[in-house]
Amino acid sequence: MNNINGLIALLLFPSGLFIMAGGLAYQWIDRKLVAQLQNRIGPRWFQPFADVVKLLVKEEVIPEGANPWLFQAMPILALASALTAVLYVPMFGLRAAYSFPGDLIVTVYLMSVLTISIALAGTNTLTRFSLVGATRALTQLFCYEAPFLLALLGPAIAAGSWQIGEIAAYAGKNWWMIITQPVGFFIAMVGLMGKLELPPFDAPEAETEIVAGALTEYSGRGYALFRLAQGVELIVGLTLISLFYLGGISNPLFFIVKTLCLLFILAALQALLTRLRIDQTVGLWWRFIAVLGLLQFLAIAIFATWRWIG
Amino acid sequence: MHTSEHREQFIVPIGPQHPALKEPGHFEFTVDGETVTAASARLGYAHRGIEKACEQRTWVQNLYLFERVCGICSHIHATCYAAAVEKLAGVEAPPRAQAIREVVAELERIHSHLLWLGVAAHEAGFDTLFMYTWRDRETVMDLLEVITGNRVNYSANILGGVKNDITPEQSAEVLKGLDFLEKRIQHYLHVVQNDEFFLQRTRGIGVTTKEMAERLGIVGPTARASGVARDVRVDSPYIAYPQFPVNMMVEESGDLEARTVIRIKELTESCRVIRQILENMPEGEIETKMPRRIKEGEVLMRVEAPRGELWYFVKSNGGEKPERVHVRTPTIPNMASVVALAVGHQLADIPMILAGIDPCFSCQDRAVIVNYAKGGHDHWTWEDLRRYGIEYYRKQRRV
């Protein structure tokens, strides 16, 4: 019985098919919102699904000079790690499928695997656009990773736990942490945009410079898997932020409302801002956002210590 | 012991097919990390043999051929050709026709500059501005349709005048459209001067000094953004520009911001002059009779296209067809600035620098035979060109 539950959690809900479909739906909402903000009509609701189905049936061309094993393994690794991350996160207002002390750190690092596999996939090919894209993706990883982690650690320290479920429970019982830790919320949102390579942090896939960046050589199945992984990651990221900063697990309806609100903020930022050059991205993160994050982290640490002593 | 430092060159190819290019061209940028250390350009992918083709057609037929040199600035090409042929024939188009030509030319400038603003914003990764400018560009295209019946190749000119008159109703519609456009243009001027993220990509990037602009012979808004006061509409007014002059806009800083700002300021100036013409439209005929054969002679006509100085050299041998027409579009002199500016910039700035001159690749491509000694040709017939083409591609495909 236990095994069957595990299989269901892995293949149907919350991970697996359900979250993949959810990711595509959220990607559609994102595209539609950006399109509406840009005075366009935007895609129809099934467009991301149709794209993935089409890509899955297409032939996958493995370019000359690339290691075929690595070329095919990277998209699978990216999707697998994103799906594994889902298991530890309480999705859609329900409890997490699995949970252990310290699962927050595991989840955050599973989320980073996507960027690392994209970068590895890029360096695996000989295309110059891919190489430049991969370099940029890795450069960006070193920018947002630490501040993003700090932004998630703020609530963790306030709750005194490294377990996502416990932090969410703490967040549900106290004031919403968007009010008590606004800086952390801001950094987490911006960090998520960096993770998903959304504008203005889309230098790694800036089409007017380097075509599709690290994924230039991917055409069929591999590209579809990367797209699915990005969709899953979008939901996981939004879920983590809504759990920590917008009052815990609550129920499925509130979960959807909260994540859609967050998605709207993301879409508005995407429509408003101009793409940053990679050096400007680095500057922005380390000169401004990381410092802010550290300051807030320090404040929380002092506050927590004071409360612990008191 | 001897060591030699050998650094492998990392070249990023842009084109002939690339998302940053709307037309084929090939650029190679050698990069060190993200910094460009060398640049080269290879043009000529869209050579269409227009100059040669025009020698086979009559004077009137050529008007429609030259309208198709450029899809965006088709009217100015036709105007330049028509004005040159009129000069050669000793015919002067009536003042009302000249005024209508100027109205269409300035509307075309609005259309072209709005299009450019969208493309530039897209190259910088600011797609919202791109979508909005192209939405507003629809308005000016509709106005052109109101006057001429066409949204793209307007076909407003005929030799010796224009095809359609502007009625008072049409005039009112154009004025109404201009009200909307002027409001939007003011908004865009505010955006490009105040949006911090967009300014990060334009301010201080691709600085062309006045000295550099003069040395490279840059023309049009690109030159005026570097403080070079050069505008054919002001320097040697043609069609109706003597009666309805425009003010020359000059910016000093020469960076991408200046190039953006100057084009938007020219839009306001275009709106102003169109309004002035429509309110003081000269009365009279809109065409005069043109002879079928044009007197022997040659003439050089200069006009200010939206991208800069455009000139036509027209030579007649007294027949029904021109002996030779040469077209020089503004992209050729401006292209030198791309290669010169690229070195030292970031790879991410390259699309902006390239788009900054508002390039039009297929307009500019001409065949020039430099090496006389080798081939012994100084005049190529259709047959020669055809044979050369077949041999060239055979060699390329190694068949």
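Residues numbered from 1 in each chain as written. Chains lettered and ligands numbered in written order. Predicted model: local features only at pLDDT ≥ 70, side-chain atom pairs only at ≥ 80, totals over all residues. Heavy atoms only, no water.

Time to look at the pattern of salt bridges. All names here are of chain A. Counted by the stated rule, this structure contains 37 salt bridges over all chains. Two residues, Asp202 and Arg275, come together in a salt bridge whose shortest N-O distance is 3.2 Å. With Asp202 in the loop between α9 (182-195) and α10 (207-210) and Arg275 in the loop between α12 (252-272) and α13 (278-309), the pair connects residues that are 73 residues apart, well separated along the chain. Pair check on accessibility: Asp202 and Arg275 agree, each one buried. (Salt bridge = Lys/Arg side-chain N within 4 Å of Asp/Glu carboxyl O. Helix = DSSP H or I, 4+ residues; strand = E, 2+ residues; numbered from the N terminus. Buried < 20%, exposed > 50% of the residue type's maximum accessible area, 1.4 Å probe, protein only.)

As a further point, take the sheet that holds strand β2 (residues 26-32) of chain B. Residue and element names in this part refer to chain B. The 3 strands are arranged β1-β2-β3 in an open sheet whose pairing can be described as antiparallel. One side of each edge strand has no neighbouring strand; the edge strands of this open sheet are β1 (10-14) and β3 (35-42). Taking the axes of each pair of neighbouring strands and ignoring which way they run, one obtains an average angle of 25° across the sheet. Across 5 bridges, β1 lies against β2 in antiparallel orientation. From the neighbouring strand, Phe10 faces β2, where its bridge partner is Val31. Running at roughly 155° to β3, helix α12 (residues 331-342) makes contact with β2 and β3 of the sheet. (Pairing = 2+ DSSP bridges. Axes fitted to C-alpha atoms, helices over the stretch in contact; angles between N-to-C directions. Contact = heavy atoms within 4.5 Å.)

In this structure, the second largest pocket occupies an estimated 1300 Å³ of space. Every residue lining the second largest pocket is counted, 41 residues in all, and those nearest its centre are Glu197(A), Leu198(A), Pro199(A), Asp202(A) and Glu205(A). For the lining of the second largest pocket, the secondary structure elements donating two or more residues are α2 (17-37), α6 (128-159), α11 (221-245) and α12 of chain A together with α5 (127-148) of chain B. Considering each element in turn, the lining of the second largest pocket owes the most residues, 5 residues, to α11(A). In the lining of the second largest pocket, the residues fall into 20 nonpolar, 10 polar and 11 charged. (1 Å grid on protein atoms, 1.4 Å probe; cavity = no way out; pocket = protein on both sides within 12 Å on 5 of 7 lines; lining within 4 Å. Points joined across faces, edges and corners; volume = space filled by probe spheres on them. Nonpolar A, V, L, I, M, F, W, Y, C, P; charged D, E, K, R; others polar.)

On to the confidence of the model for chain B. Residues and elements named next belong to chain B. For chain B, the mean per-residue pLDDT works out to 86, and 94% of the residues sit at or above 70. Low pLDDT, under 50, characterises residues 1-6; the stretch is placed with 0 contacts to residues that sit more than four places away or in other chains. Quick note on the complex model: pTM equals 0.86, ipTM equals 0.83. (pLDDT = per-residue confidence, 0-100.)

All names here are of chain B. Ordered in space as β6-β7-β8, the 3 strands form an open sheet in which the pairing is antiparallel. The open sheet is flanked by β6 (297-305) and β8 (322-328), the only strands paired with a single partner. Neighbour-to-neighbour, the strand axes of the sheet open up by a mean angle of 15°, direction not taken into account. As paired strands, β6 and strand β7 (residues 308-316) are joined by 9 bridges and run antiparallel to one another. Directly across from Glu304, in β7, lies its bridge partner Glu309.

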